[in-house]
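Take a look at the letters that make up each chain.
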Amino acid sequence: MDYKKGNMLIRKLRWELMIFRYILHNVYFNFHYLPFRQAIKLPIVFYKPHFGKLKGKIIIKGEIKHAMIRLGFNDVAIYPSSGCLFQNAGGAIFFNGRCNIGNASAIAVGKNGVLSFGNNFNATAGLKIACQHRIEIGDNVLCGWETFFLDSDFHKLSLVDGNNSNPPISFSSVIVGKGCWFGFKSTIMKGTYIPSYCTIASNSVVNKKYTEEYTLLAGTPAKVLKKGLYRDPKNDKILYPPIGDDIE
């Protein structure tokens, strides 16, 4: 066996051991939510799961494969390896293909919430999703550290004059197109619509309907900063210069 094949085998064995460590949690979760013919393949696997309410339903669309949905694995070393908190108070969660959500993350769906992940969704660490109404995320979306999605204010406001015939709207859908990239500590609020292939700069707050694809959104609230650019995962590596002689 050559070095490359041996290294791949070791990584695969390590991966399976990580899943086996929480095998009882994973078996229970899959058979609790999925039909037998799907659950037997363990398509959803957790590392260090923290379960709240496990109500509602989970639907996986497309071909079912083992460990196609991975939650809580230690993808980013600078964040605590605390796994993933999962709670569903009665809503519906759709997975439209592969999904990876890294360590120190949390997903909470309310009893009327509908949460949908597109194929190849990837969030490296610290993702937080609080879905009370509707959050829909397209294919090939990338989320940087500590991205936060929420579609509700969780508490409503009242008018001073007592006229509640037209109170402020306290919840609204969040829709994200395909190929978007969310930078570090992005916050996506209720009523947001983001077209495909947009980039959201770090520490931005998006809270309205945006109209143009291939744009860079930045600020609080986010505005269009540049147009005609996107992140290509196949060509996004930064080449840093070597350490110079002047560095001790």
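Nothing here was measured: the structure is a model prediction, and the numbers come from that model. (Residues numbered from 1 in each chain as written. Predicted model: local features only at pLDDT ≥ 70, side-chain atom pairs only at ≥ 80, totals over all residues. Heavy atoms only, no water.)

*Asks:* Looking at this model, I keep getting lost on the overall build of the protein chain. Mind explaining?
*Replies:* Secondary structure assignment for the protein chain yields three helices and 22 strands. A sequence separation of at least 24 residues applies to 38% of the contacts in the protein chain between residues at least 6 apart. (Helix = DSSP H or I, 4+ residues; strand = E, 2+ residues; numbered from the N terminus. Contact = heavy atoms within 4.5 Å.)

*Asks:* Before we go on, may I ask you to explain the nonpolar core in this structure?
*Replies:* Soluble, globular proteins show a tendency: their nonpolar side chains are buried together. By size, the foremost hydrophobic cluster in this structure holds 45 residues, and its most contacted members are Ile 58, Phe 117, Phe 121, Phe 149 and Phe 182. Counting residues in each nonpolar core, the second largest holds seven residues, with Ile 19, Tyr 22, Tyr 47 and Phe 73 among its members. (Core = buried A, V, L, I, M, F, W, Y, C linked by side-chain atoms within 4.5 Å. Buried < 20%, exposed > 50% of the residue type's maximum accessible area, 1.4 Å probe, protein only.)

*Asks:* Any chance you could explain the packing of aromatic side chains here in plain terms?
*Replies:* With the rule as written, the count across this model stands at 18 aromatic pairs. Ring geometry for Phe 46 against Phe 86: centres 6.1 Å apart, planes inclined by 80°, an arrangement best described as edge-to-face. Here Phe 46 is found in strand 1 (residues 44-46), whereas its partner Phe 86 is found in strand 5 (residues 84-88), with 40 residues between them in sequence. The same class applies to Phe 46 as to Phe 86, namely buried. The rings of Phe 29, Tyr 33, Phe 46, Phe 51 and Phe 86 are connected pair by pair, giving a single aromatic cluster. Sitting over the ring of Trp 181, Arg 231 keeps its end group 4.4 Å from the ring centre. (Phe/Tyr/Trp six-rings, centres within 6.5 Å; stacked < 30°, edge-to-face > 60°. Lys NZ or Arg CZ within 6 Å of the ring centre and 35° of its normal.)

*Asks:* So what exactly am I meant to see when it comes to a nonpolar patch on the surface here?
*Replies:* Taken together, Val 27, Phe 31, Phe 36 and Ile 40 make up a surface patch of nonpolar side chains, about 380 Å² in accessible area. Turning to its location among the elements, Val 27 is positioned in helix 2 (residues 23-33). (Patch = residues over 30% accessible without salt bridge, like charges linked within 9 Å, V, L, I, M, F, W, Y side chains within 5 Å. Areas by Shrake-Rupley, 256 points an atom, 1.4 Å probe, with all protein chains shown as cover. Salt bridge = Lys/Arg side-chain N within 4 Å of Asp/Glu carboxyl O.)

*Asks:* What should I look at first to understand the sheet that holds strand 11 (residues 128-131) in this one?
*Replies:* Whenever strands of a sheet pair, they do so through backbone hydrogen bonds, lying parallel or antiparallel. A sheet is described by the order of its strands in space; here seven strands give the open sequence 2-5-8-11-14-17-20, paired in parallel fashion. Here the strands that pair on one side only, and so sit at the sheet edges, are strand 2 (49-54) and strand 20 (205-206). As paired elements, strand 2 and strand 5 share four bridges and run parallel to each other. Residue Leu 54 lies in a different strand from strand 5, and its bridge partner there is Asn 88. (Pairing = 2+ DSSP bridges.)

*Asks:* Where do I start with the sheet that holds strand 6 (residues 92-95) in this structure?
*Replies:* Read from one edge to the other, the open sheet built from six strands follows the order 3-6-9-12-15-18, with strand pairing classed as parallel. With partners counted over all chains shown, the strands left at the sheet margins are strand 3 (57-60) and strand 18 (193-194), one partner each. In terms of strand pairing, strand 9 (residues 114-117) meets strand 12 (residues 134-137) through four bridges, oriented parallel. Paired with Ser 116 across the two strands is Glu 136, which belongs to strand 12.

*Asks:* Help me out: how do you make sense of unusual backbone geometry in this one?
*Replies:* Residues apart from glycine generally show negative phi values, whereas peptide bonds are mostly found in trans. Residue Thr 220 is joined to Pro 221 through a cis peptide bond whose omega torsion reads -5°. Of note, Pro 221 is situated in the loop between strand 21 (215-219) and strand 22 (222-227). Non-glycine residue Lys 48 carries a positive phi angle of around 50°. Mapped onto the elements of the fold, Lys 48 is located in the loop between strand 1 and strand 2. A positive phi is found at Tyr 214, a non-glycine position, where the angle reads about 55°.

*Asks:* Mind showing me how you'd approach the state of the cysteines here?
*Replies:* Cysteine pairs can be covalently joined through their sulfur atoms, and such a bond is termed a disulfide. Following the criterion strictly, the structure yields zero disulfides and no others. Cys 143 forms no disulfide, and the closest cysteine sulfur to it belongs to Cys 180, at a distance of 9.3 Å. Here Cys 180 is not disulfide-linked; the sulfur of Cys 198 is the nearest cysteine sulfur, at 5.1 Å. On the accessibility criterion, Cys 180 (0% relative accessible area) is buried. (Disulfide = S-S within 2.5 Å.)

Keep in mind these numbers describe shape, not what the thing actually does.
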